Amino acid sequence: MAVMQQELTLGEAADQLARALPGHRVEILQGRLTVTPPPDGSHQLALTKLGRAFDRAGIVEAGYEYVQGVGLWLPTLPADFAIPDFSVVDEDFRDAHVTKNYYAPNVFRLVVEITSSNWSDDLGPKVECYAQADIPAYLVVDRKHGEVLLYTEPADGKYPDPQRFKRGQDVAVPESVGVALDLSVDTLLDGDG
């Protein structure tokens, strides 16, 4: 008996992988399907401390929210989307719903990625995708190389060279995010402090 096989679209393949691998992050970047394993404790603790810092800085009073693991629809290719670790968004971001768990890029003020085993995606394709999506600020906590990179003010689909921060330094959150806040590089890298 012959079995008919149907070729899946990239989006369908992503949906199947997401269902088959709970806790993994499935994204499509520049037409390439990526899967990231669940984050470790230091990664998650850094995100918790990041949220607390934004709370203390008055992010809600400034008219914004922060969210974790909310999809960002990317304009690079029709099926492209990312799921940033942490994002500062307009308070009415849900009005910019595109499909599934993905929202239009215009409601994102800041996107944060903390590198894991797929660190090269955060330092390569995501820089390009977020710039093309015109995300005002992209913060990469590069645990592989022990530094934090801040990309700001994309123009013509590209970010200028990032500001680089080493241990012992603080990163000033850009004004475009809506609050005044300095973030400790050590806390971002380790989840301590």
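Bear in mind the structure is a predicted one, so any value in this text is a computation, not a measurement. (Residues numbered from 1 in each chain as written. Predicted model: local features only at pLDDT ≥ 70, side-chain atom pairs only at ≥ 80, totals over all residues. Heavy atoms only, no water.)

(A) Seen up close, the pairing of strand 6 (residues 86-90). The element strand 6 is extensively covered by neighbouring structure, given that five of its five residues are classed as buried. Relative to strand 6, strand 3 (residues 64-67) runs antiparallel, the two being bridged by four bridges. Residue Y64 lies in a different strand from strand 6, and its bridge partner there is D90. Pairing geometry for strand 6 and strand 9 (residues 108-114), over four bridges, is antiparallel. What sits directly across from V89, in strand 9, is F108. (Buried < 20%, exposed > 50% of the residue type's maximum accessible area, 1.4 Å probe, protein only. Helix = DSSP H or I, 4+ residues; strand = E, 2+ residues; numbered from the N terminus. Pairing = 2+ DSSP bridges.)

(B) Quick peek at the pairing of strand 11 (residues 147-152). With five of six residues buried, strand 11 is to be regarded as a mostly interior element. When strand 10 (residues 137-142) meets strand 11, the two strands line up antiparallel, connected through six bridges. Looking at the pairing, Y138 lines up with Y151 of strand 11. Linking strand 10 back to strand 11 in an antiparallel pair, the connection comprises four residues, with G146 at a positive phi of about 65 degrees. The pairing of strand 11 with strand 12 (residues 163-165) spans three bridges and is classified as antiparallel. Paired with V148 across the two strands is F165, which belongs to strand 12.

(C) Structural view of the pattern of salt bridges. In the structure shown here, the tally under the stated rule is twelve salt bridges. As a salt-bridge pair, K100 and D15 come within 2.7 Å of each other at their nearest N and O atoms. With K100 in the loop between strand 7 (97-99) and strand 8 (102-103) and D15 in helix 1 (residues 10-20), the pair connects residues that are 85 residues apart, well separated along the chain. A salt bridge links D90 to R109; the nearest nitrogen and oxygen atoms lie 2.9 Å apart. With a gap of 19 residues between them, D90 in strand 6 and R109 in strand 9 connect regions that are remote in the sequence. Taken together, the shared-partner salt bridges connect E27, E113, D122 and K126 into one network. (Salt bridge = Lys/Arg side-chain N within 4 Å of Asp/Glu carboxyl O.)

(D) Quick look at the sheet that holds strand 6. Ordered by their spatial adjacency, six strands build an open sheet running 3-6-9-10-11-12, and the pairing between neighbours is mixed. Taken across any chain shown, the strands that pair with only one partner, and hence form the sheet edges, are strand 3 and strand 12. Neighbour to neighbour, the strand axes of the sheet diverge by 15 degrees on average, direction disregarded. (Axes fitted to C-alpha atoms, helices over the stretch in contact; angles between N-to-C directions.)

(E) How the structure looks around helix 2 (residues 41-56). Relative to the 22 Å expected for 16 residues at 1.5 Å per residue, helix 2 spans 23 Å between its end C-alpha atoms, a close match to the ideal helical length. The set of residues buried in helix 2 consists of H43, A46, L47, K49, L50, G51, A53 and F54. The inward-facing, buried residues of helix 2 abut strand 3, strand 6, strand 9, strand 14 (182-184) and helix 5 (185-190). The opening residue of helix 2, the one whose side-chain oxygen lies 3.3 Å from the backbone nitrogen of S42, is D40. Positive backbone phi, at 85 degrees, marks G58, one or two positions downstream of helix 2. (Expected span 1.5 Å × (residues − 1). Contact = heavy atoms within 4.5 Å. Polar contact = N/O pair within 3.5 Å; in protein donor to acceptor, adjacent residues only side chain to side chain.)

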